[in-house]
Amino acid sequence: MDKMKKVGLLGAAALIGAGLAALSEERIREFVTEKIEAGKISKEDGKILVNDLISETKRQKLDIEKNIIEKLQSSLKMADKELEELADKINDSKIEELEAELEKMKSMRKANR
């Protein structure tokens, strides 16, 4: 089997088994060291695997952060829209209330004449 295929398969198994997003750089290095010591991969392949896993971990972390920021921005936009709608409803309600009060006062004034 080609070295890169072995590294790729081993990397995929490591990612699935350990959950890439949760792997720290230290844990990645420990995992790869264990595989090297067990004779499952060479030191050269281990270095490649460490670099690949660390790069992928960083990429996924950035993707997660980007998604969180996008979700927060979307939530804030929705909240702003809802607040604006509520403010409009409150303003409309207040106008209606004031108009009703004005009509009431007009009626009372007519009745007193």
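Preceding this section is the structure that the text describes.
Just so it is clear, the model here is predicted, and its values are computed rather than measured.

Engineer: So what's going on with the overall build of the chain? Residues and values would help.
Structural biologist: Within the chain, the regular secondary structure consists of three helices and zero strands. Considering the chain as a whole, with its 113 residues, one finds that 16% of them fall into the buried category. The long-range share in the chain, meaning contacts at least 24 apart out of those at least 6 apart in sequence, stands at 64%. Approximately 9,300 Å² of the chain is accessible, and the part contributed by carbon and sulfur atoms is 56%.

Engineer: Requested: an account of helix 2 (residues 25–37), with residues and values cited.
Structural biologist: The first and last C-alpha atoms of helix 2 sit 18 Å apart over 13 residues, in line with the 18 Å expected at 1.5 Å per residue. Of all the residues in helix 2, the buried ones are Ile-28, Phe-31, Val-32 and Lys-35. Considered in projection along helix 2, the buried side chains sweep an arc of 90° and stay on one side of the axis. Exposed and oriented more than 90 degrees from the buried face of helix 2 are Glu-26 and Glu-37. The positive-phi residue at the C-terminal boundary of helix 2 is Gly-39, with phi of around 80°.

Engineer: Please set out a nonpolar patch on the surface residue by residue, giving values where relevant.
Structural biologist: Taken together, the side chains of Ile-64, Ile-68 and Leu-72 define a hydrophobic patch exposed on the protein surface, amounting to about 270 Å² of accessible area. With respect to the helices and strands, the residue Leu-72 is situated in helix 3 (residues 43–112).

Thresholds, definitions, all that
Residues numbered from 1 in each chain as written. Predicted model: local features only at pLDDT ≥ 70, side-chain atom pairs only at ≥ 80, totals over all residues. Heavy atoms only, no water. Helix = DSSP H or I, 4+ residues; strand = E, 2+ residues; numbered from the N terminus. Buried < 20%, exposed > 50% of the residue type's maximum accessible area, 1.4 Å probe, protein only. Contact = heavy atoms within 4.5 Å. Areas by Shrake-Rupley, 256 points an atom, 1.4 Å probe, with all protein chains shown as cover. Expected span 1.5 Å × (residues − 1). Arc of directions from axis to C-beta. Patch = residues over 30% accessible without salt bridge, like charges linked within 9 Å, V, L, I, M, F, W, Y side chains within 5 Å. Salt bridge = Lys/Arg side-chain N within 4 Å of Asp/Glu carboxyl O.

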